[in-house]
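Per-entry structural report
One letter stands for each residue in the lines below.
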Amino acid sequence: MIEAVEGGWWYATFLANRRLAVNFYSDPDFMPRRLGTRLDLWQQMVGETRFISRWIESAGYQISDPPRIASAGTVWLENAAGPDWLAVGDAAVSFDPLSAHGMTTALWTGNEAAEAVALALTGHGAALDSYAARLRLGVEQYDRERRQIYAREIRFTHHPFWQRRQKPIDHRA
Ligand SMILES: Cc1cc2nc3c(=O)[nH]c(=O)nc-3n(C[C@H](O)[C@H](O)[C@H](O)COP(=O)(O)OP(=O)(O)OC[C@H]3O[C@@H](n4cnc5c(N)ncnc54)[C@H](O)[C@@H]3O)c2cc1C
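Keep in mind that what you see is a predicted model, and the values were worked out from it rather than measured.

A short note on the site of the ligand
Around the ligand sit G89, D90, A100, H101, G102, M103 and A106, and those are all the residues in its vicinity. Between the ligand and D90, the relevant distance is 2.8 Å, taken from an oxygen atom to a main-chain nitrogen or oxygen of the residue. Within the contact set of the ligand, an oxygen atom lies 3.3 Å away from a backbone nitrogen or oxygen of G102. Expressed as a share of its isolated accessible area of 1,000 Å², the protein-covered part of the ligand is 27%. Along the lines of polarity and charge, the residues of the shell around the ligand split into three nonpolar, three polar and one charged.

Re the pairing of strand β1 (residues 2-5)
In this sheet, strand β2 (residues 8-14) lies alongside β1 in antiparallel orientation, the contact comprising four bridges. From the neighbouring strand, E3 faces β2, where its bridge partner is W10. Where β1 hands over to β2, the hairpin turn is made up of two residues, counted between the paired strands.

Things to note about the nonpolar core
Of all hydrophobic cores here, the largest spans 15 residues; its most connected members are A80, A81, A92, V93, Y131 and L135. Put simply, the parts of the chain that give this core at least two residues each are α3 (102-121) and α4 (127-151). Of the residues forming this core, the biggest block, six residues, is contributed by α4. In this structure, Y131 is in contact with A80, A81, L86, A87, V88, T109, E112, A113 and A116, ignoring residues within four places of it in sequence. By size, the runner-up hydrophobic cluster in this structure holds 14 residues, among which are V22, W42, V46 and I63.

Regarding the environment of R19
Inspection of the secondary structure assignment puts R19 in the loop between β2 and β3 (20-25). On a C-alpha basis, the gap between R19 and E115 in space is 40 Å, while along the polypeptide they are 96 residues apart. The residues contacting R19, other than those within four sequence positions of it, are T13, F14, Y61 and D65.

Here we look at α4
If you check α4, its first and last C-alpha atoms are 37 Å apart, about what 25 residues at 1.5 Å a residue would give, namely 36 Å. Among all positions of α4, only A127, L128, Y131, A132, L135, V139, Y142, D143, R146 and Y150 are buried.

Quick word on the pattern of salt bridges
Considering all chains together, one arrives at nine salt bridges under this definition. Two residues, D27 and R164, come together in a salt bridge whose shortest N-O distance is 2.7 Å. Placement of the pair is D27 in the loop between β3 and α1 (39-47) and R164 in helix α5 (residues 160-164), with a sequence separation of 137 residues. Ionic pairing is found between E112 and R134, a salt bridge with its closest N-O pair at 2.4 Å. With E112 in helix α3 and R134 in helix α4, the pair connects residues that are 22 residues apart, well separated along the chain. Judged by relative accessible area, which is 15%, E112 ranks as buried. A residue is classified by how much of its surface remains accessible, and R134, at 29% relative accessible area, is partly exposed. Three or more residues joined by partner-sharing salt bridges are found here, namely D27, D29, R164 and R165.

Cut-offs applied
- Residues numbered from 1 in each chain as written.
- Predicted model: local features only at pLDDT ≥ 70, side-chain atom pairs only at ≥ 80, totals over all residues.
- Heavy atoms only, no water.
- Near = heavy atom within 4 Å.
- Polar contact = N/O pair within 3.5 Å; in protein donor to acceptor, adjacent residues only side chain to side chain.
- Areas by Shrake-Rupley, 256 points an atom, 1.4 Å probe, with all protein chains shown as cover.
- Nonpolar A, V, L, I, M, F, W, Y, C, P; charged D, E, K, R; others polar.
- Pairing = 2+ DSSP bridges.
- Helix = DSSP H or I, 4+ residues; strand = E, 2+ residues; numbered from the N terminus.
- Core = buried A, V, L, I, M, F, W, Y, C linked by side-chain atoms within 4.5 Å.
- Buried < 20%, exposed > 50% of the residue type's maximum accessible area, 1.4 Å probe, protein only.
- Contact = heavy atoms within 4.5 Å.
- Expected span 1.5 Å × (residues − 1).
- Salt bridge = Lys/Arg side-chain N within 4 Å of Asp/Glu carboxyl O.

Right, here's the structure in full:
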């Protein structure tokens, strides 16, 4: 289940081991201080959601641990290949989780990389550079799609979390 709120969005799912995973995606400047050690604050934040909290309650679950804080930002290598190496999957580019691009990109880059290596081994010197260029195009396309996805949420356009995601990614970051 996904729920958009003013300062970000929530994601909750059942895992194979019957545990419940609850994530909140936001920006560091909107997160309460020391949230990673504050179970009470985390429970309060979950409690303030409209759908996620009801869903958790109706399934008979309780939030028993504070959250682990981790970066889920979009990062990529400007150049995903060199003379005798290339990067694939998350090592080359990791996308905003809302895009759900992680698995498909891992598979796509795996395929593309294998073909590039095969070509390079048969004397096509530009194959690795061409792979890196295709990846850069993929990042640009993702950037456009990401803005379209975030633009669909029209209730919170006043909030910087949503405003920031209307701007192209800063390629110098
Ligand atoms: C909580 C969570 C939820 C996600 N949900 C989704 C989703 O719903 N849909 C989606 O598309 N994507 C999702 N993703 C993203 C997706 O899982 C990743 O983008 C994808 O798995 C990347 O694949 P990869 O092969 O590049 O890297 P990984 O899957 O991370 O594989 C890298 C492997 O290399 C191993 N390794 C690391 N270092 C070494 C070393 N030195 N020697 C040997 N092995 C090493 C690691 O143990 C790991 O097994 C999610 C990610 C997370 C963390």
